[in-house]
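Coordinates in review
Here are the chains, one letter per residue:
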Amino acid sequence: MMKSKKLLALFIIGLLSILAIGCSSEPAAAPDAEEQVASDEEAGQLVVYSNRNERFVQALLDKFTEETGIEVLALHGANPLQLVEEQNNVRADIFISNDLGALGYLHGEGLLAESNPEGIESIPTDFRADDNAYFAISARARGLIYNKDMITEEEMPKSAVDLFDAKWSEVENGYAITRGGNGGMIGHISALRYEWGDERTAEWIAAIRENAAGIYQGHGDIRRAVGAGEHSFGLVNNYYFHQQLVEPDNNNVGFIYLDQGEGEMGAVANAAGVGLVKDGPNAENAAIFLQWLLLPENQVAFVGESLELLINSAYGASYPAEVEPSIVDFGDLKVQDMPIKELGNFFEDTTTLIEDAGLDLDLR
Amino acid sequence: MDNRNITQEQLNNSGNAKVGEKNSPTLLRFFRRKWLNIWQSNPPGVGLLSLGFCIAVIMCIPIVYVIWQSVFAGTDRWMRLLDQRIPQLLWNTLSLTTVVTISTVLIGVSLAWIVIRTDIPGKKMWRWLLAMPLTIPPYVGAVTYIIVFGRSGWARDLWESSTFVISTLGEYSINIYSFWGVSFVLTMFTYPYVYLIASASLRKMNRNFEEAAYSQGLSASEVFWKVNLPLLRPAIGAGAILVALYVMGDFGAIAMLRYVTFTAAIYFQRASFDTASASVLSLVLMGLTIVILWLEARTRKKIKYYQSTNTYRKPLTLKLGKWKPFAFLYVSLVFFVSVLLPISVLLYWSKIGVEMGALDARFWGFAFNSLKVSGFAAVICMLFAMPIIYLKSRYPSIVTSIIDKLSYAGYALPGVIVALGFVFIFNNHLPMLYGTFYIVALAFVVRFLPQAMQAGEASLSLLSPRIDEAARSLGYPPWKVMLKVILPNMLPGVLAGGALVFVSSIKELPATLMLRPPGFDTLAVRVYFEASESIYHLAAPAALLIVIVSIIPVRYMLKKY
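Residues numbered from 1 in each chain as written. Chains lettered and ligands numbered in written order. Predicted model: local features only at pLDDT ≥ 70, side-chain atom pairs only at ≥ 80, totals over all residues. Heavy atoms only, no water.

**Regarding the overall build of chain A**
If you tally the helices and strands in chain A, you get 12 helices and 10 strands. Expressed as a percentage of its 364 residues, the buried residues of chain A come to 58%. Residue pairs in contact within chain A that sit at least 24 positions apart in sequence constitute 77% of those at least 6 positions apart. (Helix = DSSP H or I, 4+ residues; strand = E, 2+ residues; numbered from the N terminus. Buried < 20%, exposed > 50% of the residue type's maximum accessible area, 1.4 Å probe, protein only. Contact = heavy atoms within 4.5 Å.)

Here it is, written out as C-alpha cells:
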C-alpha cells in the first residue's frame with residue numbers, strides 16, 4: 001500500500017512538473033512572449049471565432065490590437081455550431097460571420113447577448129437584431145462569375161431557375177459550385193426555400209449537384225478556377241468577382257446578378273456581421289470591440305480586401321480602379337424581398353436539407 | 001491477515017458451527033496461485049502495474065467514448081447513413097486503399113530488389129535517397145502536385161505551349177483531382193514503408209536457398225518468384241498493412257485533392273458539428289481497420305518460413321547487364337517524382353515567399369507553437385512509454401500484453417477518431433483543459449505513443465535482466481529499478497522514440513485542426529489553410545520547414561530497418 005501511494009505521489013509530481021515546464025517554457029523560450037504577457041495584464045484578451053475568410057478578418061483584428069493593445073486570439077474557419085456545442089463552457093467573446101443566417105440562428109438559440117454599442121444607429125434596422133445582439137456591416141449578392149473568353153454575357157444563365165436545366169453541364173469545362181457546408185451556399189438555399197418551398201429547392205440542389213463540373217470548398221477557389229478557364233462560370237458572391245478583377249492575370253471575368261428581370265425574385269442577398277457571445281470570458285473587451293468596429297473607418301476596414309459592399313456606402317469604402325466601374329450599388333439592385341434577418345429561422349432546416357441531398361460532403 | 005482468519009475459524013465455538021467462510025483462504029490461495037502463474041512466479045509491483053494500466057486506459061478512452069457515442073446515435077441516423085452515405089464511402093475508401101496498397105507493394109518491392117540485390121550504380125546512395133519521401137507529409141506532396149499538375153498548373157502551361165502535344169493529345173487533360181490523382185500522390189509518398197521493410201528482409205535473406213534453386217536449374221526470375229517472394233511475404237504484409245492503415249487514416253492529402261473517404265467524411269461531419277453522424281462513421285471505419293489487421297494476422301499465421309541462421313551467408317549480388325540503364329532509369333524516375341519534383345516546387349515557392357516577407361513574426365509564432373506542442377507530446381510519450389515497455393519485456397504475461405495492445409489503439413486508428421473522442425471528453429468532462437494546447441498535445445500522445453514504445457523496446461532488449469535482478473536483490477522496488485538503473489542505460493532508445501514522436505507531431509494535421517484552441521495555429525495547419533486558398537508563397541516555407549525537421553528521424557529509420 002505504502003509503495004503504491006508513494007508512487008502515485010511521484011507520478012502526480014512528475015505530471016505537475018511537466019505542466020510547469022510546459023507553462024514556464026513559454027516566456028523563457030520567446031522573449032517577445034514575455035512582453036506580450038505584460039501587455040495582456042493591462043489590456044487583456046479577446047477571443048474571436050470567425051467563419052469569414054481569414055485574410056479579410058486577420059487584418060481587421062491586427063488593426064484592433066494595434067489601436068487598443070488588446071490581444072486577439074482568433075479561431076478562423078469556425079463553425080457557428082461550435083458555439084452551440086460550447087454553450088456550457090463558453091470560450092468565445094465575438095463571432096464574426098459571413099452569413100447573417102448563422103448569427104440569427106445563434107441568437108434564436110439564446111447564445112448571443114444583448115448589446116448597445118455607441119454608433120449602432122449607423123446600421124439600418126433591417127441589418128441588425130432588435131436587441132443588437134448581432135449586426136451586419138457589409139452586404140453581398142449571389143450571382144454567377146463567368147470567364148469572358150469562354151462564354152458571352154448573352155449565353156449565360158440569367159436566373160436561378162435556369163440551373164435546373166442539365167444543358168449547363170455542357171458549357172466548356174462545365175460550371176462550379178461550393179460544397180453545401182459553405183456559409184454562402186447555406187444562405188442562398190435558405191432564400192430559395194423561402195421563395196420556392198422545400199421540395200422544389202431540394203430538386204434544385206439535386207440538379208446543381210448533378211450538373212456542376214466542380215464542387216469546391218470555398219468561393220475563392222471558384223473565382224480563381226473560372227478566371228483561369230478551368231470552368232466557364234461559377235456560383236459565387238459578387239465580391240469574389242471584384243477580387244478576381246484585381247488579380248494581375250486571369251482577370252477577364254464578368255458577373256451576372258441573378259433574377260433581375262420583370263417578375264423574377266431578385267438577387268439573393270446576404271450580409272456579413274458580428275455577434276456578441278453570451279457569457280464570453282472577456283465581456284468588457286468584447287464591448288470595446290463592438291464600439292470600435294462601428295467607427296466609420298473600421299466599418300471600411302471590415303470590408304477590407306474582401307471588396308464587399310459596405311451597408312453604409314456613405315462611409316466611402318474605396319475600391320481599386322479595376323473594380324470601381326463594376327460596383328453595383330445595393331440600392332440599384334433588385335434584391336429578393338426576404339428580410340436578411342429571417343435567414344436565421346431557416347438555418348437549421350436548410351442544413352438538414354443540404355445533408356439529405358448529400359451536397360454537404362461532395363467535393364469534385 | 002490470513003493467520004488471524006484461520007485462528008478465528010478454529011475458534012468456531014458458537015452454538016451453530018459455521019460452515020464455509022467469507023474470506024476463503026482456499027479461494028484466496030487459488031487466485032494467488034493463478035496470479036503467480038500468469039506472471040510465472042515473478043509479479044511486478046502493484047505501483048508499476050497500476051501505472052502501466054492507467055496509461056493504457058488513457059490511451060484507449062477516447063476510442064471507447066466514440067464507440068459509446070455512436071451506439072447512442074439513434075436508429076434514424078444509423079439507417080439514414082447506412083442507406084445513403086456508408087455504401088459510397090465504403091467504395092471510395094476501399095478502392096483507394098486497395099489501389100494504393102498494391103501499387104506501393106509493386107514499387108516498394110521492386111525498388112528494394114534493385115537497390116539491395118543488383119549492381120545498380122550508386123547502390124549505397126540510392127538506399128537512403130529512396131527512403132526520402134518519408135520526410136514529405138502526403139498533404140505537402142499533394143500541394144506540390146496541385147501546383148504542378150493542377151487545372152492551371154505548370155504542366156498545363158507546358159502542355160499548351162507546345163502545339164505538337166495539343167495536336168496529338170488534344171486539350172490539357174490531366175485531372176489531379178480524381179481517383180487516379182489521389183492514388184498516385186498517396187503511392188508516391190507512402191511506398192517507402194514497403195521499400196524499407198522489404199529491403200531489410202532482402203538483406204537478411206540467406207543465399208543458400210537461392211543457390212539450391214539455381215542448382216536445380218531455375219532462372220533468375222523463377223528464383224525471384226519461387227524463392228525470394230515467398231520469403232518476402234511477411235515483410236510485404238507488414239509494409240502493406242502500414243500503407244493501408246495510412247491511406248484509411250489520411251486526411252490532408254485526400255481533402256486537398258477533393259476526394260472523400262471515411263476519414264474526410266468524419267472530419268467534415270465534425271466540422272459541421274454533426275458529431276453523432278461522425279461517430280457512426282467512425283465506428284464503421286474502426287471496424288474496417290480491425291478487419292484489415294485481422295486479415296493480415298490470419299494470412300501470416302497460416303504460413304511460416306524459417307531461415308536457419310547458423311548457415312547464413314550474405315545474399316548474391318545480381319549482375320544487371322543490359323538491363324542496367326532501364327533499372328537506373330526506373331529508380332531515378334521514382335526518385336524524381338517522389339522527392340526531386342516536390343522539393344523543387346517547395347524551394348521555388350519558398351524563395352518567392354521569403355522575398356515577399358513570409359518569414360515574419362507570425363510565421364515564427366506558428367513555428368514556435370508547433371515546437372511547443374510537439375515537444376510537450378514527445379516528453380510525455382517518453383515518460384509514458386517507459387513503464388509499459390519495462391513491464392512488457394521484464395514481466396511478460398497476458399496482463400502486460402493487454403496493456404501493450406491497448407496502448408496501440410490510438411496508433412492504429414485514424415487521427416480524426418482520436419480527436420473526436422477528445423472533443424467529447426474534454427468539452428463535457430474536463431472543461432479546464434478544453435481550449436488549451438494541452439488537449440492537442442495529449443491527442444498526439446494517444447496517437448504516437450507506440451512509436452516511442454517501439455524505439456525504447458529495441459534498446460531495452462539489449463539490457464540483460466540480470467542487471468535488474470542485481471538491483472532488486474539490493475533492495476530496490478521494481479519502479480525504482482526502472483528509473484534509476486534501466487532508464488539511464490536505455491536513454492538513447494527512449495530519446496530516439498521521443499524524436500520520432502516529435503516529428504510525427506509536427507506533421508500531424510487532422511487532430512490539430514479539430515482541437516486547436518483559438519489563436520494557436522501550427523505550421524501544419526498553416527500549410528493546409530494557405531494551400532487551400534492557393535497562397536503558395538505562404539504555404540511553401542512552412543511546408544519546407546516541416547520537411548527539414550522530418551529528416552532527423554530518417555537516419556534512425558534506416559538503421560532500424
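**With respect to the interface of chain A and chain B**
The partner chain B presents 48 residues to the 45 residues of chain A that form the contact. Here chain A meets chain B over a buried area of about 4300 Å², counting both sides, of which 56% is carbon and sulfur. Linking chain A to chain B there are three salt bridges. A salt bridge links arginine 362 of chain B to glutamate 54 of chain A; the shortest N-O distance between them is 2.8 Å. Elements represented by at least two residues in the side of chain A that touches chain B include exactly α1 (2-29), β1 (45-50), α3 (54-68), β2 (71-76), α4 (80-85), β6 (214-216), α8 (219-227) and α12 (343-357) of chain A. Top contributing element to the side of chain A that touches chain B by residue count: α1 of chain A, with 12 residues. Residues that form the side of chain A that touches chain B fall into these classes: 18 nonpolar, 12 polar and 15 charged. (Buried area = accessible area lost by both parts, 1.4 Å probe. Salt bridge = Lys/Arg side-chain N within 4 Å of Asp/Glu carboxyl O. Nonpolar A, V, L, I, M, F, W, Y, C, P; charged D, E, K, R; others polar.)

**With respect to empty space enclosed by the protein**
In total, this model carries six cavities of 30 Å³ or more according to the counting rule given. Roughly 110 Å³ of internal volume is contained in the largest cavity. Lining the largest cavity are 15 residues, with Gln82 and Glu86 of chain A together with Tyr434, Leu515 and Arg516 of chain B positioned closest to its centre. Its residues assigned to classes, the lining of the largest cavity comprises nine nonpolar, two polar and four charged. Of the pockets and cavities examined, the second largest cavity occupies roughly 50 Å³. Lining the second largest cavity are Ala191, Ala269, Val335, Gln336, Met338, Ile340 and Leu343 of chain A. In terms of residue class, the lining of the second largest cavity is built from six nonpolar, one polar and no charged. (1 Å grid on protein atoms, 1.4 Å probe; cavity = no way out; pocket = protein on both sides within 12 Å on 5 of 7 lines; lining within 4 Å. Points joined across faces, edges and corners; volume = space filled by probe spheres on them.)

**Overview of the packing of aromatic side chains**
Evaluation of the coordinates by the stated rule reveals 45 aromatic pairs over all chains. Arranged with centres 6.1 Å apart and planes meeting at 70°, the rings of tyrosine 408 of chain B and tyrosine 411 of chain B form a pair that is edge-to-face. Owing to a relative accessible area of 22%, tyrosine 408 of chain B belongs among the partly exposed residues under this scheme. Since its relative accessible area comes to 28%, tyrosine 411 of chain B is described here as partly exposed. Ring-pair connections join several aromatic residues into one group, and the members of that group are Phe251, Tyr267, Phe268, Tyr528 and Phe529 of chain B. Against the face of tryptophan 196 of chain A rests arginine 200 of chain A, its NZ or CZ located 4.7 Å from the ring centre. Of note, arginine 258 of chain B hangs over the ring of tyrosine 177 of chain B, and the distance from its end group to the ring centre comes to 3.8 Å. (Phe/Tyr/Trp six-rings, centres within 6.5 Å; stacked < 30°, edge-to-face > 60°. Lys NZ or Arg CZ within 6 Å of the ring centre and 35° of its normal.)

**Structural notes on a nonpolar patch on the surface**
Residues Ile67, Trp68, Val71 and Phe72 of chain B make up a contiguous nonpolar surface patch of roughly 450 Å² in combined accessible area. When you line up the elements, valine 71 of chain B lands in helix α3 (residues 46-71). (Patch = residues over 30% accessible without salt bridge, like charges linked within 9 Å, V, L, I, M, F, W, Y side chains within 5 Å. Areas by Shrake-Rupley, 256 points an atom, 1.4 Å probe, with all protein chains shown as cover.)

**A short note on the packing of helix α20 (residues 437-460) of chain B against helix α22 (residues 478-507) of chain B**
Residues and elements named next belong to chain B. Look at α20 against α22: their axes get within 8 Å of each other, and the N-to-C directions meet at 145°. Once α20 is placed against α22, the crossing between them reads as right-handed. Here Phe444, Phe448, Gln451, Ala452, Ala455, Gly456, Ser459 and Leu460 of α20 come into contact with α22, specifically with Ile486, Met490, Gly493, Val494, Ala496, Gly497, Leu500, Val501, Ser504 and Ser505. A breakdown of the residues in the contact of α20 with α22 according to their chemical character gives 11 nonpolar, seven polar and no charged. (Axes fitted to C-alpha atoms, helices over the stretch in contact; angles between N-to-C directions. Left-handed = near helix turned anticlockwise from the far one by under 90°.)

**Brief notes about the confidence of the model for chain A**
Residues and elements named next belong to chain A. Chain-level statistics for chain A give a pLDDT mean of 83 and a share of 88% at 70 or above. Considering each helix and strand of chain A separately, the mean pLDDT is smallest for α1, with a value of 44, and largest for strand β3 (residues 94-97), with 94. Considering only residues more than four positions removed or in separate chains, one finds that residues 1-40, a stretch of pLDDT under 50, has 28 contacts. (pLDDT = per-residue confidence, 0-100.)

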